[in-house]
Amino acid sequence: MGDMMKEALAKLIQGHSLSREDSRSVMSCIMEGEATPAQIASLVTILRMKGESIDEIAGFAEIMRGKASRVETERRSLLDTCGTGGDGMNTFNISTAAAIIAAAGGVRVAKHGNRAASSKSGSADVLEALGVQITLNHEQAARCLDEVGLCFMFAQVFHQSMKHAAAPRKEIGFRTIFNMLGPLTNPAGADRQLMGVFERRRTEVLALVLRELGLYRALVVCSHDGLDEISISAPTQITELRNDAIQTFDVTPEELGLKQYEMRDVVGGDARENAEIIRQVFAGKKGAARDIVLANAGACFYLDEQADSLRDGVELAGRIVDSGIAMEKLEHLVRVTKELAHVS
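These figures come from a predicted structure and were not determined experimentally.

Helix and strand content of the chain: 15 helices and seven strands. Its C-alpha atoms give the chain a radius of gyration of 19 Å, near enough to 20 Å, the size a compact globule of 344 residues would have. Over its C-alpha atoms, taken along the principal directions, the chain stretches across nearly 60 × 45 × 35 Å. A fraction of 74% describes how many contacts in the chain between residues 6 or more apart in sequence connect residues 24 or more apart. Accessible surface computed for the chain: about 13,600 Å², of which carbon and sulfur atoms make up 45%. For the chain, the distance from the average site of its 39 positive side-chain charges to the average site of its 47 negative ones is 2 Å.

What follows deals with the packing of helix H5 (residues 94-104) against helix H13 (residues 288-303). Angle between the axes and distance between the axes: these two values describe a pair of packed helices. Two elements in contact, H5 and H13, have axes whose closest approach is 8 Å; the angle formed by their N-to-C orientations is 50°. Here H5 lies oblique to H13, going by the angle between them. Along this stretch, H5 crosses H13, giving a crossing that reads as right-handed. The segment H5 lies against H13, with Ile94, Ala97, Ala98, Ile101 and Ala102 engaging Ile292, Val293, Asn296, Ala297, Cys300 and Phe301. Residues that form the contact of H5 with H13 fall into these classes: ten nonpolar, one polar and no charged.

Secondary-structure assignment places Ile46 in helix H3 (residues 37-50). Ile46 sits in the buried class, given a relative accessible area of 16%. As a C-alpha pair, Ile46 and Arg217 span 171 residues in sequence and 31 Å in three-dimensional space. The residues contacting Ile46, other than those within four sequence positions of it, are Leu9, Leu12 and Ile13.

Counting buried positions along strand E4 (residues 192-196) yields five of five residues, so the element is predominantly enclosed. Of the two faces of E4, both are covered, the one formed by Arg192, Leu194 and Gly196 as well as the one formed by Gln193 and Met195. In terms of strand pairing, E4 meets strand E5 (residues 217-223) through five bridges, oriented parallel. Residue pairing in the sheet places Arg192 in a bridge with Arg217 of E5.

Phe92, Ile101, Leu219 and Phe282 are the most contacted members of the largest nonpolar core, which totals 79 residues. The leading source of residues in this core is H13, at twelve residues. By size, the runner-up hydrophobic cluster in this structure holds 42 residues, among which are Ile40, Val44, Phe60 and Ala218.

Conventions adopted
Residue numbers here run from 1 along each chain, matching the order of that chain's written sequence. Local features in this predicted model are restricted to residues of pLDDT 70 or higher, and side-chain atom pairs are both shown and tallied only at a pLDDT of 80 or more, whereas totals for entire chains, interfaces and linings draw on every residue. Where side-chain values are given, they derive from all heavy atoms of the structure, hydrogens and water being excluded. Numbering of helices and strands starts at the N terminus; helices are DSSP runs of H or I of at least 4 residues and strands are runs of E of at least 2. In this setup the radius of gyration rests on C-alpha atoms only. A globule is expected at 2.2 Å times the number of residues raised to 0.38. The contact definition used throughout considers only heavy atoms, calling two residues in contact when any of these lie within 4.5 Å. For the area figures, the Shrake-Rupley method with a 1.4 Å probe applies, and any residue is considered shielded solely by the protein chains shown. We treat Lys and Arg as the positive residues and Asp and Glu as the negative residues; His and chain ends play no part in the count. Each charge is placed at NZ for Lys, CZ for Arg, CG for Asp and CD for Glu. Axes here mean lines fitted to C-alpha atoms, for a helix over just the part in contact, with angles spanning 0 to 180 degrees between N-to-C directions. Any angle from 65 to 115 degrees is called roughly perpendicular, while one under 35 is roughly parallel, one over 145 is roughly antiparallel, and all others are oblique. We call a crossing left-handed when the near helix sits turned anticlockwise from the far one by less than a right angle, and right-handed when that turn is clockwise. Charged residues are taken to be Asp, Glu, Lys and Arg, nonpolar residues to be Ala, Val, Leu, Ile, Met, Phe, Trp, Tyr, Cys and Pro, and polar residues to be all remaining types, Gly included. Working definition: with a 1.4 Å probe on protein chains only, accessible area under 20% of the residue-type maximum means buried, over 50% means exposed, and in between means partly exposed. A pair of strands is treated as paired once DSSP finds two or more bridges between them. Note on terminology: a nonpolar core comprises buried Ala, Val, Leu, Ile, Met, Phe, Trp, Tyr and Cys residues joined through side-chain atoms within 4.5 Å.

Dropping the structure here:
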């Protein structure tokens, strides 16, 4: 296996991309603990500088999916809002709030996520601050999904083989192919996804990877001001996957029926502060935080085919928040996860 890593590094350093099969072999080597920290760091650095190919990303994701602890569910039409993170904007946890609103509106949501890497609060951090028990195993998560219509799958629980890459990732400190793998490796096999990415040049590549991985519908988004969400302070570039067809377009806040705000209006803080922002949105507080959550929740309803357009989805999301059922859904999630985890 060590020779496999050396051969792959030699190929990459010469400017060649890895085949899908070679990519699978390299990822197997990493996840089985056969690659050294120096080899892992070298690999992801060269890939970042070269630009990761569709086969490289898909091959890595396929192996990671295969080694994950699976959440088994008979019903399909599952949505995830997991993004890459790493945009450096320190916004509050927008996609997590959007996931809860989507579930309140009847979308079956299998949310994948982790603790913060580059921000002060990842999805796991803010859900924990909201009172959710985040460390459910695959059986408990499946029961939560059936009972609440929403579950959270903590990446550290479901992808334990990634522990071998943890130290090199932390030590090099910049975004790598591993940032892209979390959203591509949903343990419940979600077939619909709202995926934020940290660079606009990657939206089409990642939409193509999602198609390779068998997703039915997806929106891969990055705003013109660098946000890995649908923005309310600039146009957002969206690459849509639908019935195997891919198209890229821009959408503005005005086209969604929303006001335009400054980026600073949606900056968050630590997990406790972000949890309070989300609670205020669910309680009906108007303003930038509400609008950016509605923009992203609206995309979830569009992906679930409850809305014919993104704008219609935003209007539906607003009605759900104003009815109070988003707050009820959060409370239901907290209660059920505590029961499943046997926490009083």
